[in-house]
Amino acid sequence: MTLEAIQVSPNHRFLTTASGLPFFWLADTAWELFHRLDRAEAAYYLDIRRKQGFTVIQAVVLAELDGLHTPNANGHLPLLGDDPIRPNEFYFRFVDDIIRMAADKGLYIGLLPTWGDKVHGGLWGTGPVIFTSENARAYGHYLGQRYRNDPNIVWILGGDRPASGYEAVWTGLAEGITAGLGYRPLFTYHPNGGASSSAALHDAPWLDLHMLQSGHALQDAPNWEMITADYVRSPVKPVLDGEPNYEDHPIDPFRRTWQVEFGRFRDYDVRKQAYRAVFAGACGHTYGHHAVWQFWTLQRKPINFPMPTWQEALLAPGATQLIHFKQLLLSRPYLSRIPAQEMLVGEAIIGPANKNAHHDPMRAAHPRATRCADGTYALVYVPQAEQQIRVDLRVISGAVNAWWFDPRNGKGYSAGTYPNDGVVAFTSPIAGPDWVLVLDDTAHGFPAPGVISDK
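The structure contained in this document is the topic of the report that follows. (Residues numbered from 1 in each chain as written. Predicted model: local features only at pLDDT ≥ 70, side-chain atom pairs only at ≥ 80, totals over all residues. Heavy atoms only, no water.)

1. Things to note about the overall build of the chain
What the chain contains, in helices and strands, is 12 helices and 20 strands. In terms of C-alpha radius of gyration, the chain reaches 22 Å, essentially the compact-globule figure of 23 Å for 455 residues. Taken along the three principal axes of its C-alpha coordinates, the chain extends 70 × 50 × 40 Å. Considering only contacts within the chain whose residues lie at least 6 apart along the sequence, 72% involve residues at least 24 apart. On the chain, roughly 16,600 Å² of surface is accessible, and the fraction owed to carbon and sulfur atoms is 54%. For the chain, the distance from the average site of its 39 positive side-chain charges to the average site of its 46 negative ones is 1 Å. (Helix = DSSP H or I, 4+ residues; strand = E, 2+ residues; numbered from the N terminus. Rg over C-alpha atoms; globule rule 2.2 N^0.38 Å. Contact = heavy atoms within 4.5 Å. Areas by Shrake-Rupley, 256 points an atom, 1.4 Å probe, with all protein chains shown as cover. Lys, Arg positive; Asp, Glu negative; His and termini not counted. Charge placed at Lys NZ, Arg CZ, Asp CG, Glu CD.)

The structure is reproduced here in structure tokens:
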């Protein structure tokens, strides 16, 4: 399969293919893909994620989990003597193979040249620190030359680290990659938890796309607020949450030891972070599973209590449901979508079955709205069953056809027709817990939500 390079849309809010088609970033964090899997395992993993509708796989060349000193599945280390200007050809041939295998399956690779512990030590990770601005530029040039004919790569610098104080290293790496490629690629930066690439790099000339990490500590971490903060920055750049809560990761509101006493994030938590971030203005979203990012098996040392094994975890509910998320967004005009929180009137109302069911009821009940700039449709994510929202239908350009869309199975259910002349109260169905209210201008003849039309 021939893939086109990904680029920023003309309005700087979204991503498109080189020919201008909408590109929805639906990624998976497979950080240890090159380091821990053999070829057959990688093929199996990529096949599953392709069938589940993912478009991007985020993976690291110099991996986090002792990636410099523990060999890959083929017995090879990435560098000779921990020297970035002495790459091991045998290790990189395997990276080549996986990148091209992904392309054959229609998948893009969000490629991190290194995890951040090789640049910025003293926090977490095994390191060691090996990069300077000079050898980062040389290493980047090597990568750029090697992958100049691989359009399915989006370059992600960083790796769970703040950029502040290390800008020269990351700039050197970006400049080296660009020189090696012979053209300007798409760059973003993966920051530490609770932060965004905008903190230190908003004005960096090489940064095209803001990435944030809302992290794995809190349920209902308000990533929609982080998205909004970057959405309103100038100059305008697309933004997405590149590492939200992982499915089946222990919840740890006190950020202590990642024990399981507070439970684990489930598919419901995954959906809430995805829908609310994108409806706030994100150009896509990244999913993660706690066993998959580390490709955990019973034979490996576990990081923070993973379960189940990665092969079983590939079919976790959250991973299988996000294809409905992507199809819903692509079933309506995509590149003209804007945040539309102003169409929700009044405070969030907590559903009657949920008043005592959450650590922070108001944050748990937070709905989020988006719409087409011309008013032809709107989408409202309602996170709880039997939750009432009051919607100003005057933002819709004509009479309104309403649907309730089930984010678990991708089915739409008619919710009636309404004039676009005032505020209407809608109450989400009793099943659920979460739903999406779809509001269409009847004159435009949109298909049922989630059905992608050729129109």
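2. Remarks on the sheet that holds strand β17 (residues 400–405)
By definition, the strands of a sheet pair up through backbone hydrogen bonds, in either a parallel or an antiparallel sense. Spatial ordering of the open sheet is given by β13-β14-β15-β20-β17-β18, a layout of six strands whose pairing is antiparallel. The strands lining the two open edges of the sheet, one partner per strand, are β13 (337–339) and β18 (412–418). Strand after strand, the sheet turns through a mean of 20 degrees between neighbouring axes, direction not considered. Here β17 runs beside strand β20 (residues 435–441); their pairing, made up of six bridges, is antiparallel. Each residue of the ladder has a partner; that of Trp 403, found in β20, is Val 438. (Pairing = 2+ DSSP bridges. Axes fitted to C-alpha atoms, helices over the stretch in contact; angles between N-to-C directions.)

3. Regarding the pairing of strand β7 (residues 153–158)
Extensive coverage of β7 is indicated by the burial of six of its six residues. Burial along β7 is two-sided: Ile 153, Trp 155 and Leu 157 facing one way and Val 154, Ile 156 and Gly 158 facing the other are all buried. Two strands pair when backbone bridges link them, and strand β6 (residues 108–114) and β7 are joined in this way by three bridges, in the parallel orientation. Looking at the pairing, Ile 109 lines up with Ile 153 of β7. One crossover worth recording links β6 to the parallel β7 by way of helix α4 (residues 133–146), and it is right-handed. Bridge count for β7 against strand β8 (residues 187–190) is four bridges, and the pairing is parallel. Opposite Leu 157, over in β8, you have Tyr 189 as the bridge partner. Crossover β7 to β8 through helix α5 (residues 167–181) is right-handed. (Buried < 20%, exposed > 50% of the residue type's maximum accessible area, 1.4 Å probe, protein only. Right-handed = clockwise from strand over helix to strand, strands pointing away.)

4. Describing the sheet that holds strand β3 (residues 22–23)
Taken together, three strands build an open sheet; the order of strands is β1-β2-β3 and the sheet is antiparallel. Edge positions in the open sheet fall to β1 (6–8) and β3, since each of these has one partner strand only. Relative to strand β2 (residues 15–17), β1 runs antiparallel, the two sharing three bridges. Directly across from Val 8, in β2, lies its bridge partner Leu 15.

5. Remarks on the nonpolar core
Core analysis: the biggest nonpolar cluster contains 56 residues, and Trp 25 and Val 436 have the highest contact counts within it. At six residues, the largest contribution of residues to this core is made by helix α8 (residues 267–279). If you look at the next biggest cluster of nonpolar residues, it comprises 55 residues, including Leu 62, Phe 94, Met 101 and Ala 102. (Core = buried A, V, L, I, M, F, W, Y, C linked by side-chain atoms within 4.5 Å.)

6. A word on the pairing of strand β10 (residues 210–213)
Burial of β10 is two-sided: the residues His 210 and Leu 212 facing one way and the residues Met 211 and Gln 213 facing the other way are all buried. By the bridge criterion, two bridges tie strand β9 (residues 195–196) to β10 in an arrangement that is antiparallel. Pairing of Ser 196 across the sheet is with Leu 212, part of β10. Of the strand pairs in this sheet, β10 and strand β11 (residues 239–241) are connected by three bridges, and their pairing is parallel. If you follow Leu 212 over to β11, its bridge partner there is Asp 241. Of the crossover connections in this fold, the one passing from β10 over helix α7 (residues 223–231) to the parallel β11 is right-handed.

7. A look at the pattern of salt bridges
Using the criterion set out here, one finds 23 salt bridges in the structure. Between Glu 175 and Arg 137 there is a salt bridge whose closest N-O contact spans 2.7 Å. Of this pair, Glu 175 sits in helix α5 while Arg 137 sits in helix α4; the two residues are 38 residues apart in sequence, bridging distant segments of the chain. Residue Arg 137 is classed as partly exposed on the basis of its relative accessible area of 33%. Here Arg 408 ties to Asp 406 by a salt bridge, and the two come within 2.9 Å at their closest N and O atoms. By the burial criterion, Arg 408 is buried, and Asp 406 matches it. Each of Asp 267, Arg 271, Asp 406, Arg 408 and Asp 434 takes part in a single network of salt bridges with overlapping partners. (Salt bridge = Lys/Arg side-chain N within 4 Å of Asp/Glu carboxyl O.)

8. Description of helix α11 (residues 317–330)
Because an α-helix packs 3.6 residues into every turn, residues spaced three or four apart end up facing the same way. Most of α11 sits out of view: 10 of its 14 residues are buried. When we look at burial in α11, the residues that qualify are Gly 318, Ala 319, Gln 321, Leu 322, Ile 323, His 324, Phe 325, Lys 326, Leu 328 and Leu 329.

9. Quick notes on the side chain of Asn 72
Locating Asn 72 in the fold gives a position in the loop between β5 (56–62) and α3 (89–104). In terms of polar contacts, Asn 72 uses its side chain to reach the backbone amide nitrogen of Asn 74, at 2.9 Å. Reaching out from Asn 72, the side chain makes a polar contact with the backbone nitrogen of His 76 at a distance of 2.9 Å. If we skip the residues at most four places from it in the chain, Asn 72 touches Phe 34, His 35, Tyr 91 and Phe 94. (Polar contact = N/O pair within 3.5 Å; in protein donor to acceptor, adjacent residues only side chain to side chain.)

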